[in-house]
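Here is what each chain is made of, one letter per residue.
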Amino acid sequence: MATRFMLGLCAIVSTSLLGACSYGVRSNPVLWLTDARVTDQQAALQVEIENTSDSDLTLTSIEYELTYGPLPVADGTWAGSRPIASGETINLPLAIGFDTPPIDPMAPTVELRGQMTFDDQGQSGALALTEATFDVSAPARR
């Protein structure tokens, strides 16, 4: 009886593992700030986005909030269409004008947080990668 139970349990676990493997790697894309140049009125950012999933994606928007000094100085949306193949990294320059002047114009870092939106070329429905959040910082260069 115990042998029959163990065989049944092994069959269930094996079937579950095989089913899980068919979905592939579903990790979210990652965003980094590789450079941040700041003036009195704007930040010129170099952004890298790595597609760590096994699906080809198209970046369609980035909603962001930029903090320089103790408070946010800008928010907005980048909209476009940038394909990112599985395993690929793209570079995206962003020039963000400040909505309000920075309280500390000599702040040491720039922080960018928000959400990226994607079209997933490999999956649809609940399995599609459609969004990824980010919260990153970089030294501010003047």
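Residues numbered from 1 in each chain as written. Predicted model: local features only at pLDDT ≥ 70, side-chain atom pairs only at ≥ 80, totals over all residues. Heavy atoms only, no water.

(A) Focus on the overall build of the protein chain. From N to C terminus, the protein chain includes 1 helix and 7 strands. Buried positions account for 32% of the 142 residues belonging to the protein chain. Just so you have it, the protein chain exposes about 8300 Å², and 56% of that area is on carbon and sulfur atoms. (Helix = DSSP H or I, 4+ residues; strand = E, 2+ residues; numbered from the N terminus. Buried < 20%, exposed > 50% of the residue type's maximum accessible area, 1.4 Å probe, protein only. Areas by Shrake-Rupley, 256 points an atom, 1.4 Å probe, with all protein chains shown as cover.)

(B) Inspection of the side chain of Asp120 at higher detail. Structurally, Asp120 is set in strand β6 (residues 109-120). Separated by 2.8 Å, the side chain of Asp120 and the backbone nitrogen of Gly122 make a polar contact. A polar contact is formed between the side chain of Asp120 and the backbone nitrogen of Gln123, at a distance of 3.1 Å. (Polar contact = N/O pair within 3.5 Å; in protein donor to acceptor, adjacent residues only side chain to side chain.)

(C) Seen up close, the sheet that holds strand β5 (residues 89-97). Spatial strand order, β1-β2-β5: 3 strands in an open sheet with antiparallel pairing. With one partner strand each, in any of the chains shown, β1 (30-38) and β5 form the two edges of the open sheet. Each neighbouring strand pair of the sheet contributes to a mean axis angle of 20°, computed without reference to strand direction. Pairing analysis gives 9 bridges linking strand β2 (residues 42-50) to β5, with the strands arranged antiparallel. (Pairing = 2+ DSSP bridges. Axes fitted to C-alpha atoms, helices over the stretch in contact; angles between N-to-C directions.)

(D) Structural context of the sheet that holds strand β4 (residues 72-84). Judged by pairing direction, the sheet is antiparallel, and its 4 strands sit side by side in the order β4-β3-β6-β7 without closing on themselves. Looking along the sheet, the strands with just one partner apiece sit at the ends: β4 and β7 (131-139). The sheet shows a mean angle of 20° between the axes of neighbouring strands, direction not considered. Pairing geometry for strand β3 (residues 57-68) and β6, over 11 bridges, is antiparallel. Bridge pairing in β6 links Tyr64 to Gly114.

(E) Broad picture of the pairing of β4. Bridge analysis of β3 against β4 gives 10 bridges, and the strand direction is antiparallel. Residue pairing in the sheet places Tyr64 in a bridge with Gly76 of β4. Where β3 hands over to β4, the hairpin turn is made up of 3 residues, of which Gly69 adopts a positive phi near 90°.

(F) Spotlight on the confidence of the model for the protein chain. Averaged over all residues, the pLDDT of the protein chain is 87; the fraction at 70 or higher stands at 82%. When the criterion is pLDDT under 50, residues 5-23 qualifies, and its contacts beyond four places in sequence or with other chains add up to 3 contacts. (pLDDT = per-residue confidence, 0-100. Contact = heavy atoms within 4.5 Å.)

(G) Quick peek at the pairing of β7. Judged by which residues are buried, β7 turns out to be one-sided: Ala132, Phe134, Val136 and Ala138 face inward and are buried, whereas Glu131, Thr133, Asp135, Ser137 and Pro139, on the alternate face, are not. Direction of pairing for β6 relative to β7: antiparallel, over a ladder of 9 bridges. Within the sheet, the bridge partner assigned to Leu112 lies in β7 and is Val136.

(H) Expanded view of the pattern of salt bridges. Taken as a whole, this structure holds 5 salt bridges when the rule is applied. Of the charged contacts in the structure, one is a salt bridge between Arg37 and Asp35, with a shortest N-O distance of 3.5 Å. You can call Arg37 partly exposed: its relative accessible area is 43%. (Salt bridge = Lys/Arg side-chain N within 4 Å of Asp/Glu carboxyl O.)

(I) Fine view of the environment of Gln42. Here Gln42 lies in strand β2. A sequence separation of 59 residues divides Gln42 from Pro101, and the C-alpha atoms of the two residues are 9.1 Å apart. Gln42 has contacts with Arg37, Ala95, Ile96, Gly97 and Phe98, leaving out every residue within four places of it along the chain.

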